[in-house]
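Next come the chains, spelled out residue by residue.
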Amino acid sequence: MSGSTFVGMPAFPKAAHEAVGNTTLRANLRHATHTIRDKRAMAVAELDDWALLREAGKQIKDHTLHHLDHYLVQLEESVTAAGGVVHWAADADEANRIVTRLVKETGESEVVKVKSMATQEIGLNEALEAEGIHAYETDLAELIVQLGHDRPSHILVPAIHRNRGEIRDIFRKEMGQWGRPAPEGLTDTPAELAEAARLHLRDKFLRAKVGISGANFMVAETGTLVVVESEGNGRMCLTLPETLISIVGIEKIVPTWRDLEVFLQTLPRSSTAERMNPYTSMWTGTSDRDGPQTFHLVLIDNGRTDTLADEVGRQALRCIRCSACLNVCPVYERAGGHAYGSVYPGPIGAILSPQLRGTASEIDASLPYASSLCGACYEICPVAIDIPEVLVHLRERVVQGGEVTRRGAKVTLKPAKGHAGERAAMRAARWAFTHPAALAAGQRLAARTRRFHPRTLPGPGKAWTATRDLPKVPAESFRDWWQRTNGGKDSEK
């Protein structure tokens, strides 16, 4: 993995085609996603004001994004005043250089990590490993992924594609290579697997001098960072090490503590289907009495300001990483997270990754098409991101090409290959819809020849009809029916 791209991954259609043939994967995904979304529905139903909370979250995020420059400066001032040090990273490479330097300055060669999408996005583990620094994941699911030499496939549950038998085998085979080995006779019962992970990680918690985290939220008015989690590993990483380094995307800011209250209601219900996360850790700078004595905050852009410049696409930056959209997406349920070629899978990944990375690569150009546009993702999003709208917007960008701003510079995108027929069809449709007589003649011709219509399209259209039937042409157009029935009146007699 380099940055946020899984190197060597094919475009989504090919990767998804291979994934749907894995029956074990599909069974694991179906069971997990249905279980999570059913529990979420019950947790959300407890709140009579859920719709108001959703709208409040949207408004807070939109306000913050419109005044991001102000709140970033306020955050830096607050963190600095509390004893922390703020670093700014324009992209993944700069962020990795900063973090690597900070770890080397401590003289340590090991770090423990809290689950963090931002560190996965920039490929931090690989960057540290290249410099001789071992990064140990401490979240249970992330530990499974790391021990299995695997890639995460879900935002909330990175190892959702693994079942208990597979996890037991990974622990038995790999734990001894990374530290304390798995207990003899380990079975696949959840309690035994959790205990094996606890014993394995406890040695690392007690030994580590450097901790690395992300953050779910940053409060601008006080410089407070917030991490919510369910296992307690995060709090161990945040409190035991002498040095704490947090890597956070610049969009994770909320202006005030009052704003934070909204998201502490919506995030746990949307992600883990809980009223409140078991562990909500907050820290502001450093303290002489306890906790890390040195705190560094690395704020990363990595395509976010470019995304912010897009009036339609910027709503993706509202995302609070709850993963609810993944659990209702029929495409994700069948294809799994790996097919998206990014640490951000599912519907949110299909709109976020192409904006953070651009659509020049084959895989990024394919992601806006990784959707049926059913709208389930929008309906369930706790901050009301209209994912279908952004998907259509990005499809237009892919097909038409044109100029976009990337990393502060104008980049010319060539029209995507393979869409020539689509562009021609759209131009023909535009001409027909602006010439009513021609449209009516075409409709009558299509109706009279419908017996001879093929079930699939030839040439470039063959791919479209490979998985769907052409709609049947009615015996007459609506226009002709309307005229024949005197505006529908005759049909009522």
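The rules behind these values
- Residues numbered from 1 in each chain as written.
- Predicted model: local features only at pLDDT ≥ 70, side-chain atom pairs only at ≥ 80, totals over all residues.
- Heavy atoms only, no water.
- Helix = DSSP H or I, 4+ residues; strand = E, 2+ residues; numbered from the N terminus.
- Rg over C-alpha atoms; globule rule 2.2 N^0.38 Å.
- Buried < 20%, exposed > 50% of the residue type's maximum accessible area, 1.4 Å probe, protein only.
- Contact = heavy atoms within 4.5 Å.
- Lys, Arg positive; Asp, Glu negative; His and termini not counted.
- Charge placed at Lys NZ, Arg CZ, Asp CG, Glu CD.
- Phe/Tyr/Trp six-rings, centres within 6.5 Å; stacked < 30°, edge-to-face > 60°.
- Pairing = 2+ DSSP bridges.
- Axes fitted to C-alpha atoms, helices over the stretch in contact; angles between N-to-C directions.
- Parallel < 35°, antiparallel > 145°, perpendicular 65-115°, else oblique.
- Left-handed = near helix turned anticlockwise from the far one by under 90°.
- Nonpolar A, V, L, I, M, F, W, Y, C, P; charged D, E, K, R; others polar.

Identification of the protein chain as LutB/LldF family L-lactate oxidation iron-sulfur protein from Streptomyces aureus is taken from an unreviewed UniProt entry.

A. Examining the overall build of the protein chain more closely. Of regular secondary structure, the protein chain possesses 23 helices and 12 strands. Taken over C-alpha atoms, the radius of gyration comes to 26 Å for the protein chain, in line with the 23 Å a tight globule of 493 residues would show. Counting only C-alpha atoms and orienting by the principal axes, one finds that the protein chain spans roughly 85 × 55 × 45 Å. Across the 493 residues of the protein chain, 51% fall into the buried class. For the protein chain, long-range pairs separated by at least 24 residues make up 72% of all intrachain contacts whose partners lie at least 6 apart in sequence. Here the protein chain holds 60 positive side-chain charges and 60 negative ones, and the gap between their average locations is 9 Å.

B. Structural view of the packing of aromatic side chains. Taken as a whole and assessed by the stated rule, the structure comprises 8 aromatic pairs. Pairing Phe-478 with Trp-482 gives two aromatic rings, centres 5.7 Å apart and planes at 35°, and the pair type is tilted. Of the two residues, Phe-478 and Trp-482 are both situated in helix H23 (residues 478–484); the distance of 4 residues between them amounts to about one turn of the helix. The exposed category is assigned to Phe-478, whose relative accessible area is 59%. When its relative accessible area of 44% is taken as the criterion, Trp-482 is described as partly exposed. Seen in terms of ring centroids, Trp-481 and Trp-482 are 6.3 Å apart; in terms of plane orientation they differ by 55°. Their pairing is tilted. What links up through ring pairs into an aromatic cluster is the set Phe-12, Tyr-332 and Tyr-340.

C. Just the sheet that holds strand S8 (residues 253–254), in detail. As summarised here, the arrangement of the 4 strands in space is S8-S5-S6-S9, forming an open sheet in which the pairing is mixed. At either end of the open sheet lies a strand with only one pairing partner, and these are S8 and strand S9 (279–284). With 3 bridges connecting them, strand S5 (residues 217–219) and strand S6 (residues 224–229) associate as antiparallel partners. Residue pairing for S6: Phe-217 is matched across the bridge by Val-226. Here helix H12 (residues 257–271) sits on the sheet and contacts S5, S6, S8 and S9; the angle it forms with S5, its principal contact strand, is near 165°.

D. Looking closely at the packing of helix H3 (residues 50–66) against H12. For the pair H3 and H12, the least separation of the axes is 10 Å and the interaxial angle reads 120°. Overall, the two elements H3 and H12 adopt an arrangement that is oblique. Every pair of crossing elements has a handedness; the one defined by H3 and H12 is left-handed. When H3 is examined against H12, the residues Trp-50, Leu-53, Ala-56, Gly-57, Ile-60 and Lys-61 are found in contact with a partner set consisting of Asp-259, Val-262, Phe-263, Gln-265, Thr-266, Arg-269 and Ser-270. Considered class by class, the residues forming the contact of H3 with H12 number 6 nonpolar, 4 polar and 3 charged.

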